[in-house]
Amino acid sequence: MRDDARDYRSLFLSGVPLMDVRAPVEFSKGAFPGATNRPLMNDIERQKVGTCYKLKGQQAALELGHSLVSGKLKEARVQAWAEFAEANPEGYLYCFRGGLRSQITQQWLLSEAGIAYPRVAGGYKAMRTFLMETLLQSVEECRFVLVGGMTGTGKTEVIAQLDDSVDLEGHANHRGSSFGKRATVQPSQIDFENSLAIDLLRRRAKGQDRFVLEDESRLIGRCSLPFELHQAMQHFPMVWLEDTLEGRVERILKDYVTDLAAEFNREHGDSGFDLFAEQLCKSLSNIAKRLGGERYQRLVEIMNEALAVQKVSGDVEQHREWIRALLSEYYDPMYAYQRENKSGRILFAGDQQAVVSYLKANR
């Protein structure tokens with residue numbers, strides 16, 4: 001059998017298949033990209049064994065665990081592990097700390113299926129600690145540049161054109177603003193952090209030492225930027241992206257109306273449009289207090305009328321009115337204030353082509 005893995009850096013750089021034998025509830029709270037959950041115990045079994053451990057100690061808990069996972073149930077789980085091991089001979093298994101659960105899985109695989117399969121020493125906890133240390137080291141050791149700009153200037157488009165950028169919104173599966181929720185769910189906080197840390201690790205392994213990020217607030221939807229990164233972002237140098245009001249209206253119309261409606265339709269079929277409309281209205285209501293009652297009601301009426309027309313005919317032109325009003329009356333004054341506060345950090349300002357050219361020329 002191959003030795004148990006202790007080189008976490010190599011594990012994440014190579015992207016080897018990982019079999020997570022923790023309970024489903026643990027896996028859902030946080031895992032690693034590409035890991036497959038093949039639990040030793042389900043959530044109820046784990047809860048029973050945990051309670052037994054607290055009340056009666058380890059030996060009693062082990063005996064209960066063996067009695068709960070036995071017979072046909074044990075055979076089915078060993079079969080699932082064996083199928084994973086045979087399909088992924090280069091992989092590893094792990095539990096939370098690399099202790100009893102992964103050792104039992106190894107033992108049963110060998111005794112019941114004749115398969116010697118290695119585990120990750122230290123388990124999930126050690127790998128997770130390594131990734132968070134990796135992220136912190138990247139913040140401390142690498143150079144960063146932020147792309148800022150008014151809402152709708154196409155900051156994400158700039159990020160997509162650079163080979164040394166990191167797409168924070170992509171990792172969070174959210175566009176970042178109050179209207180940024182997508183038709184598909186966001187990752188858990190831990191999954192977001194793990195994915196981001198692995199991205200930085202792999203890029204640094206290839207020699208990259210500068211990262212271009214979009215200027216983000218602390219929260220990207222429900223995903224929170226790692227504390228050290230967010231704190232450091234308050235001091236990183238910036239470039240400022242500019243565009244006309246009409247250009248920004250056009251971009252927001254495409255991203256947040258046309259494309260988002262299509263995304264909801266793909267994901268939800270016949271109910272897609274109604275879910276899209278509900279989400280758009282909810283996004284506006286999320287900033288109702290900041291808009292003020294009179295302005296909010298005016299924008300709600302415009303938005304509802306635009307949605308009614310879009311539902312019947314597919315025509316999205318009437319959405320331009322609320323988008324233009326929201327930009328000029330709400331977002332622009334806020335971003336103008338932010339730009340003034342960040343002016344000392346701005347290295348360059350220009351349109352999309354100019355900003356991309358500047359960032360490519362000044363690595």
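Residues numbered from 1 in each chain as written. Predicted model: local features only at pLDDT ≥ 70, side-chain atom pairs only at ≥ 80, totals over all residues. Heavy atoms only, no water.

Draft legend 1. View of helix α12 (residues 245-268). With 24 residues, α12 should cover 34 Å at 1.5 Å per step; its first-to-last C-alpha distance of 33 Å lies within 8% of that length. Within the sequence span of α12, burial applies to R248, V249, R251, I252, L253, D255, Y256, V257, L260, A261, E263 and F264. Looking at the packing, one finds that the buried side of α12 touches α8 (155-160), α13 (272-285), α15 (293-313), α16 (319-342) and α17 (352-361). Where α12 ends, the next residue or the one after it, G269, has phi of about 60°, a positive value. (Helix = DSSP H or I, 4+ residues; strand = E, 2+ residues; numbered from the N terminus. Expected span 1.5 Å × (residues − 1). Buried < 20%, exposed > 50% of the residue type's maximum accessible area, 1.4 Å probe, protein only. Contact = heavy atoms within 4.5 Å.)

Draft legend 2. Local environment of the environment of Y94. In this structure, Y94 sits in strand β3 (residues 92-94). By relative accessible area, which is 0% here, Y94 ends up buried. Excluding residues that lie within four positions of it along the chain, Y94 makes contacts with L18, M19, D20, V21, R22, F32, A35, S102, V120, G123, Y124 and M127. For Y94, the side chain forms a polar contact with the side chain of D20, separated by 2.8 Å. (Polar contact = N/O pair within 3.5 Å; in protein donor to acceptor, adjacent residues only side chain to side chain.)

Draft legend 3. The domain arrangement of the chain, seen in detail. According to the domain assignment, the chain contains domain 1 (6-126) and domain 2 (141-362). Taking the mean C-alpha position of each, domain 1 and domain 2 sit 39 Å from one another. Taken together, the contacts link 11 residues of domain 1 with 9 residues of domain 2. Summed over both partners, the interface of domain 1 with domain 2 comes to about 800 Å²; 62% of that surface belongs to carbon and sulfur atoms. Three residues stand out in domain 1 for area buried against domain 2, namely F12, L13 and P33, and they jointly supply 46% of the buried area on that side. Across the domain 1-domain 2 interface, the total number found is 0 salt bridges. Counting every contact that joins domain 1 to domain 2 gives 4 residue pairs in polar contact (both at pLDDT 80 or more). Put simply, the parts of the chain that give the side of domain 1 that touches domain 2 at least two residues each are α1 (8-14) and α2 (24-29). Broken down by element, the side of domain 1 that touches domain 2 gets its largest block of residues, 3 residues, from α1. Broken down by class, the residue content of the side of domain 1 that touches domain 2 amounts to 6 nonpolar, 3 polar and 2 charged. (Domains from an automatic or database assignment. Buried area = accessible area lost by both parts, 1.4 Å probe. Salt bridge = Lys/Arg side-chain N within 4 Å of Asp/Glu carboxyl O. Nonpolar A, V, L, I, M, F, W, Y, C, P; charged D, E, K, R; others polar.)

Draft legend 4. Inspection of the side chain of E26 at higher detail. On the secondary structure map, E26 appears in helix α2. Residue classification places E26 among the buried positions, given a relative accessible area of 10%. Of the polar contacts made by the side chain of E26, one reaches the backbone nitrogen of A23; its length is 2.8 Å. Not counting residues within four places of it along the chain, the set of residues in contact with E26 comprises R46, F96 and R101.

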